[in-house]
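Examining the three-dimensional arrangement
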Amino acid sequence: MYLMTWNFEYQNPVNVLFGVKSVKKTGEVSSNIGRKPLVVHGKTIEKLGILNKLIDSLKDRGIDFATYPEVSPNPKVEDVDKGAMKARDSGCDHIIAIGGGSSIDAGKAIAVGAVMGKSISDFLHGRLKVDSALPLIAVPTTAGTGTEVDRFSVIIDPEDISKRAIASPHIYPKYAIVDPELTVTMPPRLTAASGFDAFAHAWESYVSQLSNPLSEAYSEKAVMLIAESLEKAVKNPGDIEARSKMAMAAMLSGYAIDIARVGLCHAIEHPLSARLGIHHGEGLAAIAPAVIEFSYPGAEDKFNRLAGLLSGVAGGKERVVESIYRFREEIGLDNTLTDLGVRKDMIPLLAEDTLRYMGYAVDNNPVKASKKDIEAIIEKSL
Ligand SMILES: [Fe+2]
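Residues numbered from 1 in each chain as written. Predicted model: local features only at pLDDT ≥ 70, side-chain atom pairs only at ≥ 80, totals over all residues.

1. Quick look at the overall build of the protein
- Within the protein, the regular secondary structure consists of 16 helices and eight strands.
- The globule rule puts the C-alpha radius of gyration for 382 residues at 21 Å, and the 20 Å found for the protein is close to it.
- Oriented by its inertia axes, the alpha-carbon framework of the protein measures out at about 60 × 45 × 45 Å.
- Evaluated residue by residue, the protein yields a buried proportion of 54% over its 382 residues.
- In the protein, the share of contacts with a sequence separation of at least 24, taken over all contacts with a separation of at least 6, comes to 80%. (Helix = DSSP H or I, 4+ residues; strand = E, 2+ residues; numbered from the N terminus. Rg over C-alpha atoms; globule rule 2.2 N^0.38 Å. Buried ≥ 20, exposed ≤ 12 C-beta atoms within 10 Å, placed from the backbone. Contact = placed C-beta atoms within 7 Å.)

2. Here we look at the sheet that holds strand E3 (residues 66-68)
- Taken in spatial order, the six strands of this open sheet run E1-E8-E5-E4-E2-E3, and their pairing is parallel. A single partner strand is all that each edge strand has here, and the edge strands are strand E1 (15-18) and E3. Taking the axes of each pair of neighbouring strands and ignoring which way they run, one obtains an average angle of 20° across the sheet. (Pairing = 2+ DSSP bridges. Axes fitted to C-alpha atoms, helices over the stretch in contact; angles between N-to-C directions.)

3. Describing the environment of glutamate 329
- Following the sequence through the fold, glutamate 329 ends up in helix H13 (residues 317-330).
- A sequence separation of 98 residues divides glutamate 329 from glutamate 231, and the C-alpha atoms of the two residues are 9.7 Å apart.

4. Section: the domain arrangement of the protein
- Splitting the protein by domain gives domain 1 (15-183) and domain 2 (188-380).
- Facing the 22 residues of domain 1 at the interface are 28 residues of domain 2.
- Classifying every residue of the side of domain 1 that touches domain 2 by side-chain character gives seven nonpolar, nine polar and six charged. (Domains from an automatic or database assignment. Nonpolar A, V, L, I, M, F, W, Y, C, P; charged D, E, K, R; others polar.)

5. Things to note about the packing of helix H7 (residues 188-206) against helix H8 (residues 213-235)
- One way to put it is that H7 packs onto H8 with a least axis distance of 9 Å and a crossing angle of 160°. On the basis of their axis angle, the class for H7 and H8 is roughly antiparallel. The way H7 lies across H8 gives a crossing that is left-handed. Counting all contacts with H7, which are made through Pro188, Thr191, Ala192, Gly195, Ala198, Phe199, Ala202, Trp203, Ser205 and Tyr206, the residues of H8 involved are Ser215, Glu216, Ser219, Ala222, Val223, Ile226, Leu230, Ala233 and Val234.
- Residue classes in the contact of H7 with H8 are distributed as 13 nonpolar, five polar and one charged. (Parallel < 35°, antiparallel > 145°, perpendicular 65-115°, else oblique. Left-handed = near helix turned anticlockwise from the far one by under 90°.)

6. Focus: the packing of helix H11 (residues 280-295) against helix H16 (residues 371-380)
- Across the interface, H11 lies against H16 with an axial gap of 8 Å and an inter-helix angle of 140°. Taken together, the axes of H11 and H16 are oblique relative to one another. Once H11 is placed against H16, the crossing between them reads as right-handed. Of H16, the residues touching H11 (which contributes Ile287, Ala290, Val291 and Phe294) are Asp373, Ile377 and Lys380.
- Residue composition of the contact of H11 with H16, by class: five nonpolar, no polar and two charged.

7. Quick look at the pairing of strand E8 (residues 175-178)
- Where burial is concerned, the two faces of E8 agree: the one with Tyr175 and Ile177 and the one with Ala176 and Val178 are both buried.
- Pairing analysis gives four bridges linking E1 to E8, with the strands arranged parallel. Residue pairing for E8: phenylalanine 18 is matched across the bridge by valine 178.
- Across two bridges, strand E5 (residues 136-140) lies against E8 in parallel orientation. Along E8, the bridge assignment pairs isoleucine 137 with tyrosine 175.

8. Concerning unusual backbone geometry
- Although it is not a glycine, lysine 21 adopts a positive phi angle of roughly 75°.
- Located in the positive-phi region is arginine 261, a residue other than glycine, with phi close to 60°.
- Here arginine 261 is to be found in the loop between helix H9 (240-260) and helix H10 (264-276).

9. Some words on the environment of lysine 108
- Along the chain, lysine 108 falls in helix H5 (residues 101-116).
- The contacts of lysine 108, once residues within four sequence positions are left out, are Leu136, Ser153 and Ile171.

10. Topic: H10
- Compared with the 18 Å implied by 1.5 Å per residue over 13 residues, the 19 Å span of H10 between its first and last C-alpha is a close match.
- Here H10 lies mainly inside the structure; 11 of its 13 residues are buried.
- Burial in H10 covers these residues: Leu264, Cys265, His266, Ala267, Ile268, Glu269, His270, Pro271, Leu272, Ser273 and Ala274.
- The positive-phi residue at the C-terminal boundary of H10 is glycine 277, with phi of around 70°. (Expected span 1.5 Å × (residues − 1).)

11. A word on helix H14 (residues 347-357)
- For H14, the full list of buried residues reads Leu350, Ala351, Asp353, Thr354 and Tyr357. Summarising the axial view, the buried residues of H14 lie within an arc of 160°, below the 170-degree limit, and thus occupy one face.
- Looking at the buried side of H14, the elements it contacts are strand E7 (162-167), H10, helix H15 (359-364) and H16. (Arc of directions from axis to C-beta.)

12. A few points about the pairing of strand E2 (residues 37-40)
- Residues Pro37 and Val39 line one face of E2 and the alternating positions Leu38 and Val40 line the opposite face, and both faces are buried.
- Inspection of the sheet shows E2 paired to strand E4 (residues 94-99) by four bridges, in the parallel sense. Bridge pairing in E4 links valine 40 to alanine 97.
- Where E2 lies against E3, three bridges are found, and the strand directions are parallel. Each residue of the ladder has a partner; that of valine 40, found in E3, is tyrosine 68.

This is the structure we're talking about:
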């Protein structure tokens, strides 16, 4: 008889400060961990006035700081390398990254480059190993990536047009300051796309080969919160209760992937973002139904349970897949890959990319996918 056992090690060192107005504590936290931070961010949060809330809390404490406002959506090696140089030239001893996943992931990578003095490309390609990084405070302004509590940083390397992840315990944020009020200015489409990223983290880690009851608990609660609140947050951006639940769901999904990592949906999506600049969450939403249909036979019970938590449907492949289509419609994210600019002639290259640098995520999936399988999933999602 087969006996189910578990064998894993897990330690997550992130100090979490969660709650409305918690951004006001940034100055206090910063002064506790260093002398001068580099504030890493993109343009949007500056325009929306979100950045000022953080800057004010630094000024209130009289903290000397430098800023690096050059992070683009889907950040690239060059963004990171320039940021690392700025941190060194400005004498910064820690990083504060505020924004969506792009800014926080760029901040994590800048924290590595600033200490190690090498291009981040070397770490993305595994030519060098991360030995240390500056301490980092992560302040998310979207609810999706969960990067505020995990050890991953995802960056695009234009050299070989790849979107790769660094995974290292050295890049766990020292603090995550999760203030749901910072997310209320997110427009509906970004709310939906970020929220779908959190949803993808929850279910991909749930059916992952690396899943265990600890990650499963995070995944299940995340899906419950997303079911309760994502549509509300999309339709009523000022609903702070829905925003709080989504901020929590994103964080819980971050813990889930920190333990059990992502699977085939992310494996196929990264090349889409790398080659076409597609928003990560929109790409995931476009391919999720086909990936779930393909993967269902490898984790029937888990997919049935997920669909039950998401929308109360009974199990069965057709009903599970249908519930994903319905969920996408409810949050206004029912785009196809064609809508996002993918053409049929791109399929072989995208499938090659998936296997070229996302193999670990392909292997995590409950059903192993060949190049032909991946091509079929992309074609079905056009
Ligand atoms: Fe993701």
